Amino acid sequence: MIKMILVPATGDERDAAVFAAALAVARAFDAHIEFLHIRVDAVALAATMTAEGGSGMMVSGLIDRIESDSDQREAAAKAGFDGFRGREGLALADSSSGPKALSASWRREIGVEPDWLVTYGRVADLIVFGRSGEGNGASSGSLEAALIDSGRPIFLPPAAPLAALPDKVAIAWKETREAARAVTAALPFLARAKEILVLVVEEEGAAAEPADRLAAALAWRGCPVSVRRLAPAAEGAGEALLGEAKKAGAMLVMGGYGHSRLREWVFGGVTRRVSQSAEIPVLIAH
């Protein structure tokens, strides 16, 4: 059950699409949305930037510039939150008092963005993240930290505002613990789906039975389930999975693969690819 959704409020123009996606999920599950803005610690950042030398006047000027930029970003994030909440009629609530209409809350912290996202993310049911890439939005490092260290699933919306969740779910299946955890994390979405597709990118010597076993298990949920075996695209497994899910009009569920020590993405770069530019909603769990 999804009842608490965490959303980074960065003050970037891409917040609007992230907020809309969080609302689409919240409406589907009558959930609360917690908006989190993380303000940089200007003193700590300036100290890091001038660690190899610099006068007190230089450090002081740098702190002032960082604080000014942080003021603007925080103001933009709060204005975006207030405007969105007002337009969508979301009640402001800092605690639960039983079943009620959709609600939202605002949180502000100072410090390192990935650390606070992990801290808040660990008590949320779902984290809705904007796509990593150019701009001032939450960084790819924050996305990576939240995915690997929070223990919670990440929902990545498409760039265009998401008005409602798709009623089809495609599962990028690979017989690994990460893929299994992703399926478990996606159970609330699977329960409301009208169709489930199990997508398997064919690999030489790989058995077909694991995908068939997953499909048989999911069939107990009472909705149509089918297995589609895909030939690898010239661009890699990621393109094959994304292309098939997009063609079906489905949300994609997949395992997020990485090594916590080296922070290197594997699985043919699929995780990195979908985190940057997938044109469909994606749910990732590690």
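Everything numeric here is computed off the predicted structure, so don't read it as measured data.

Parameters and conventions
- Residues numbered from 1 in each chain as written.
- Predicted model: local features only at pLDDT ≥ 70, side-chain atom pairs only at ≥ 80, totals over all residues.
- Heavy atoms only, no water.
- Core = buried A, V, L, I, M, F, W, Y, C linked by side-chain atoms within 4.5 Å.
- Buried < 20%, exposed > 50% of the residue type's maximum accessible area, 1.4 Å probe, protein only.
- Helix = DSSP H or I, 4+ residues; strand = E, 2+ residues; numbered from the N terminus.
- Contact = heavy atoms within 4.5 Å.
- Polar contact = N/O pair within 3.5 Å; in protein donor to acceptor, adjacent residues only side chain to side chain.
- Phe/Tyr/Trp six-rings, centres within 6.5 Å; stacked < 30°, edge-to-face > 60°.
- Lys NZ or Arg CZ within 6 Å of the ring centre and 35° of its normal.
- Arc of directions from axis to C-beta.
- Pairing = 2+ DSSP bridges.
- Axes fitted to C-alpha atoms, helices over the stretch in contact; angles between N-to-C directions.
- Salt bridge = Lys/Arg side-chain N within 4 Å of Asp/Glu carboxyl O.

A.B. asks: Hey, could you run me through the nonpolar core in this one?
C.D. replies: Nonpolar side chains in soluble globular proteins generally cluster together in the buried interior. Counting 51 residues, the largest nonpolar core has Phe155, Ile171 and Phe189 as the members making the most contacts within it. By residue number, the principal contributor to this core is helix α1 (residues 15-29), which donates 9 residues. In contact with Phe189, not counting residues within four places along its chain, are Ile2, Val25, Phe29, Leu126, Phe155, Leu165, Val169, Met251 and Leu283.

A.B. asks: Got a minute to help me understand the side chain of Ser103 in this structure?
C.D. replies: By the element assignment, Ser103 lies in strand β4 (residues 103-110). In terms of polar contacts, Ser103 uses its side chain to reach the side chain of His32, at 2.6 Å. Dropping the residues within four chain positions of it, Ser103 is found in contact with Ala31, His32, Ile33, Ala91 and Ala93.

A.B. asks: Could you clarify how one ought to interpret the packing of aromatic side chains in this entry?
C.D. replies: One pair of aromatic rings is described through two measures. These are the centre distance and the angle between the planes. With the rule as written, the count across this model stands at 8 aromatic pairs. Measuring from ring centre to ring centre gives 5.3 Å for Phe29 and Phe189, while their planes differ by 80 degrees; the resulting arrangement is edge-to-face. With Phe29 in helix α1 and Phe189 in helix α7 (residues 187-192), the pair connects residues that are 160 residues apart, well separated along the chain. We note that Phe29, like Phe189, is buried. Seen in terms of ring centroids, Trp116 and Tyr120 are 6.1 Å apart; in terms of plane orientation they differ by 55 degrees. Their pairing is tilted. One end of the pair, Trp116, and the other, Tyr120, are both in helix α4 (residues 113-121), 4 residues apart, so they sit about a helical turn from each other. When the ring centre of Trp106 is taken as origin, the NZ or CZ atom of Lys78, which lies over that ring, is 5.8 Å away.

A.B. asks: I would appreciate a short explanation of helix α6 (residues 177-185) in the present structure.
C.D. replies: Helical periodicity: at 3.6 residues per turn, an α-helix aligns residues three or four positions apart in one direction. Three or more residues of α6 are buried, namely Glu178, Ala179, Ala182, Val183 and Ala185. Angularly, the buried residues of α6 cover 160 degrees about the axis, an arc narrow enough to put them on a single face. More than 90 degrees from the buried face of α6, the exposed residues found are Arg177 and Thr184. Structurally, α6 contributes buried residues whose contacts are with β7 (168-172), α7, α8 (209-219), β10 (251-255) and β11 (282-285).

A.B. asks: How should the sheet that holds β4 be read in this particular structure?
C.D. replies: Strands sit in the order β3-β4-β2-β1-β5-β6-β11-β10-β7-β8-β9 across an open sheet of 11 strands; the sheet is mixed. Across the chains shown, the open sheet's two edge strands, defined by having one partner strand only, are β3 (91-92) and β9 (225-230). As defined by bridge partners, strand β1 (residues 4-8) adjoins strand β5 (residues 126-128) across 2 bridges and the pair is classed as parallel. Bridging across to β5, Ile5 finds its partner in Leu126. Its contacts with the sheet place α1 against β1, β2 (32-39), β5 and β6 (154-156), and it is angled at close to 175 degrees to β1.

A.B. asks: Looking at this structure, how should I read the pattern of salt bridges?
C.D. replies: A complete count under the given rule lists 17 salt bridges for this structure. Between Glu74 and Arg108 there is a salt bridge; the shortest N-O distance is 2.6 Å. Of the two residues, Glu74 is situated in helix α3 (residues 56-88) and Arg108 in strand β4; the sequence distance between them amounts to 34 residues. Overall, Arg108 belongs to the partly exposed group, its relative accessible area being 37%. Here Asp212 ties to Arg229 by a salt bridge, and the two come within 3.1 Å at their closest N and O atoms. Of this pair, Asp212 sits in helix α8 while Arg229 sits in strand β9, placing them 17 residues apart in sequence. For Arg229, a relative accessible area of 36% translates into the label partly exposed. Within the structure, one salt-bridge network assembled from shared partners comprises Arg39, Glu67, Asp71, Glu74 and Arg108.

A.B. asks: What's the story with the environment of Val198 in this structure? I'm lost.
C.D. replies: Residue placement: Val198 occurs in strand β8 (residues 195-201). Counting along the chain gives 30 residues from Val198 to Arg228, while the straight-line C-alpha distance between them is 6.1 Å. Setting aside residues no more than four positions away along its own chain, Val198 makes contact with Ile171, Trp173, Ala211, Leu214, Ala215, Leu218, Val225, Ser226, Val227 and Arg228.

A.B. asks: Help me understand the pairing of β1 in this model?
C.D. replies: For a regular strand, the rule is simple: side chains alternate between the two faces of the sheet. Of all 5 residues making up β1, 4 are buried, and the element is well covered by its neighbours. Here β1 runs beside β2; their pairing, made up of 5 bridges, is parallel. Bridge pairing in β2 links Met4 to His32.

Just geometry here; none of it tells us what the structure is for.
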